[in-house]
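Analysis of the macromolecular model
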Amino acid sequence: MSDPVSDGPESRSAVTDAEVEALVRGICFKTGPPRSLGVELEWLVHELRKPWLPVPPERLRAAYAALRSLPLSSALTVEPGGQLELSSAPAASLMECIRAVSADLDAVRASLGEAGIGLSGYGHDPWNPPRRYLHEPRYDAMENYLDRAGPEGRRMMCCSASVQVCLDAGYEEPGPLGHGRRWWLAHQLGAVLVAAFAHSPLALGRPTGWRSTRQSLWAAMDPGRSGAPPLGGDPRMTWARHVMDAPVMCVRAETGPWRVPDDMSFRAWTRSAEPPDRGDLDYHLSTLFPPIRPRGHLELRMIDAQPGDDGWIVPLAVTTALFDDPQAAETAYRAVKPLSERAGSLPAPCNPLWVAAARDGLSDPELRDAATVCFTTAAEALPRLGATAEVRRAVARFFERYVARGRCPADDLLLRVQGRDIRPGGEDARFDGEDIRFHGKDIRT
């Protein structure tokens, strides 16, 4: 969610709706041979010794100040709820990306550990209600806007974390690596990735009924902001129209609170008495959160944060293999093509396929079958991409533990709930009927 955009307006030069569409078509799909990739990792931050407890803001500020002095190759940003995000630089290979981010994470964990702070890879905070850490005009406006539709937006802002894989848009020409095929594949394969890597079945200590509560929040939010455009037609044209018709979240101001308009599309803004400028367009693009966001490259945003220090490597490796190896991309396309009928005409993430993926994970037979094919072909492709034996073993272990059994990481958490041990170590938890209480505090939903 954190994007490198200005916190205030720049010198104004109004843009027309035709100019905006032309700009969006030109900047959002930059085609060419797939040569680089990246990953953005969001982490929940907590007390190291008692991971169910959030870190007080004053300690978090001091710890983050220390992090900014580290010589990292990744960009370090902070999400509204205090979640930490590391965004890798574009890498020329899978292993280059893994090595660079792993080194950065080692440094970050060591620095945070000195302050008694740890990182956890859950797609949604299993224990705590939303609590905003950053109080800035843009996040005040975002919260104001999202609250109009319900509580899901605030929970997304403050309680969610993900693994976001960034891939080149692909060739201009058709074929397994063509940008049109990769755009379509991302929206169908995305449901398989949601199901396989679902890891957010709890909120306030109790099951929510979803394997990926995080994904359920995106589906419940404003579809003009979190939904995908229709898949028919040229991706550039459909995305440009989607951008123009999407609601404006806020209008930036030099001082004071930012204005949150009522039901104004960006297209309507360009035709108003005070039209937007290029900076306003750039900011508007940063406030759209579809599951696949074109930003010159393709940003796949649907994968929950994963358990373990290195759990993020598996979705990065599998996704990269299925998109950047031509043979694997063709096999994945054939594997997920039957799922498109189930998706129907509704865009992701609100269509029946994506809803089933978030709710049921790989207990859904069709998603399990597609995941089995996709993970198998990814494993075959990884040696061709230069993946080390260690990375290949991690993918194989994930396949055996989850995919082959129709399970996902969320199922481990649900088993711990049934065993009445939902925290690392299980200390100081007690259950009272249907209530779950931590240190005597009732946190029922």
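Above this text is the structure in question.
First, a word on scope: everything that follows refers to the structure included in this document. (Residues numbered from 1 in each chain as written. Predicted model: local features only at pLDDT ≥ 70, side-chain atom pairs only at ≥ 80, totals over all residues. Heavy atoms only, no water.)

**Some thoughts on the overall build of the chain**
When its secondary structure is counted, the chain shows 18 helices and 12 strands. Referenced to the eigenvectors of the C-alpha coordinate spread, the extents of the chain come out at roughly 60 × 55 × 45 Å. The proportion of buried residues among the 445 residues of the chain is 57%. In the chain, once contacts between residues fewer than 6 apart in sequence are set aside, the share between residues at least 24 apart is 75%. Total accessible area computed for the chain in this model is approximately 17700 Å², and 52% of it derives from carbon and sulfur atoms. The averaged location of the 59 negative side-chain charges in the chain is 3 Å from the averaged location of its 52 positive side-chain charges. (Helix = DSSP H or I, 4+ residues; strand = E, 2+ residues; numbered from the N terminus. Buried < 20%, exposed > 50% of the residue type's maximum accessible area, 1.4 Å probe, protein only. Contact = heavy atoms within 4.5 Å. Areas by Shrake-Rupley, 256 points an atom, 1.4 Å probe, with all protein chains shown as cover. Lys, Arg positive; Asp, Glu negative; His and termini not counted. Charge placed at Lys NZ, Arg CZ, Asp CG, Glu CD.)

**What about the environment of alanine 381?**
The residue alanine 381 is located in helix H16 (residues 365-381) in this model. Each C-alpha atom, one on alanine 381 and one on threonine 320, is 9.6 Å from the other, the two residues being 61 residues apart in sequence. When residues no more than four places from it in sequence are discounted, the contact partners of alanine 381 are Ala321, Asp325 and Ala328.

**Here we look at the packing of helix H13 (residues 326-336) against H16**
Between H13 and H16, the shortest axis-to-axis distance is 9 Å and the interhelical angle comes to 175°. Put simply, H13 runs roughly antiparallel to H16. Between H13, through Ala328, Thr331, Ala332, Ala335 and Val336, and H16, the contact on the second element is made entirely by Ala370, Val373, Cys374, Thr377 and Ala381. Along the lines of polarity and charge, the residues of the contact of H13 with H16 split into 8 nonpolar, 2 polar and no charged. (Axes fitted to C-alpha atoms, helices over the stretch in contact; angles between N-to-C directions. Parallel < 35°, antiparallel > 145°, perpendicular 65-115°, else oblique. Nonpolar A, V, L, I, M, F, W, Y, C, P; charged D, E, K, R; others polar.)

**Let's talk about the side chain of arginine 182**
Note on placement: arginine 182 falls in helix H6 (residues 179-196). A residue is classified by how much of its surface remains accessible, and arginine 182, at 1% relative accessible area, is buried. Separated by 2.6 Å, the side chain of arginine 182 and the backbone oxygen of phenylalanine 323 make a polar contact. Of the polar contacts made by the side chain of arginine 182, one reaches the side chain of aspartate 324; its length is 3.0 Å. Residues within four places of arginine 182 in sequence aside, it is in contact with Pro34, Leu167, Asp168, Ala169, Gly170, Pro176, Leu177, Leu298, Phe323 and Asp324. (Polar contact = N/O pair within 3.5 Å; in protein donor to acceptor, adjacent residues only side chain to side chain.)

**Notes on the packing of aromatic side chains**
Throughout the structure, instances matching the rule amount to 11 aromatic pairs. Arranged with centres 5.2 Å apart and planes meeting at 80°, the rings of phenylalanine 29 and tryptophan 183 form a pair that is edge-to-face. Here the residue phenylalanine 29 occupies a position in the loop between helix H1 (17-28) and strand E1 (37-47), and tryptophan 183 occupies one in helix H6, the gap between them amounting to 154 residues. With a relative accessible area of 3%, phenylalanine 29 lands in the buried category. Pairing phenylalanine 266 with tryptophan 269 gives two aromatic rings, centres 5.5 Å apart and planes at 75°, and the pair type is edge-to-face. Here phenylalanine 266 and its partner tryptophan 269 are both found in helix H10 (residues 266-270), 3 residues apart, which amounts to about one turn of the helix. (Phe/Tyr/Trp six-rings, centres within 6.5 Å; stacked < 30°, edge-to-face > 60°.)

**Observations regarding the pattern of salt bridges**
Using the criterion set out here, one finds 29 salt bridges in the structure. Between aspartate 17 and arginine 271 there is a salt bridge, and its shortest N-O distance comes to 2.8 Å. Placement of aspartate 17 in helix H1 and of arginine 271 in the loop between H10 and helix H11 (278-286) is noted, with a sequence separation of 254 residues between them. Among the residues examined, arginine 271 registers a relative accessible area of 59% and is labelled exposed. Members of the salt-bridge network, linked through shared partners, are Arg132, Asp140, Glu143, Asp147 and Arg154. (Salt bridge = Lys/Arg side-chain N within 4 Å of Asp/Glu carboxyl O.)

**Some remarks on the pairing of strand E9 (residues 297-304)**
In terms of residue burial, E9 counts as a mostly covered element, since 7 of its 8 residues are buried. Sheet topology note: the strand E5 (residues 162-168)/E9 ladder contains 6 bridges and is antiparallel. From the neighbouring strand, serine 162 faces E9, where its bridge partner is aspartate 304. Summarising the sheet, strand E8 (residues 292-294) and E9 pair through 3 bridges and their orientation is antiparallel. What sits directly across from arginine 293, in E9, is glutamate 299. Here E8 folds back onto E9 in antiparallel fashion, the turn holding 2 residues, of which glycine 296 has a positive phi close to 90°. (Pairing = 2+ DSSP bridges.)

**Some points on unusual backbone geometry**
The residue after alanine 348, namely proline 349, is reached through a cis peptide bond having omega 5°. Of note in the backbone geometry, leucine 204 takes a positive phi value of approximately 55° without being a glycine. Within the secondary structure, leucine 204 sits in the loop between strand E6 (202-203) and strand E7 (206-207). Backbone geometry places aspartate 263, a non-glycine residue, at a positive phi of 50°.

**Let's talk about the side chain of aspartate 168**
Among the structural elements, aspartate 168 can be located in strand E5. From its side chain, aspartate 168 meets the backbone nitrogen of arginine 35 in a polar contact 2.7 Å long. When sequence neighbours within four positions are dropped, the list of residues in contact with aspartate 168 reads Pro33, Pro34, Arg35, Ser36, Arg182, His297 and Leu298.

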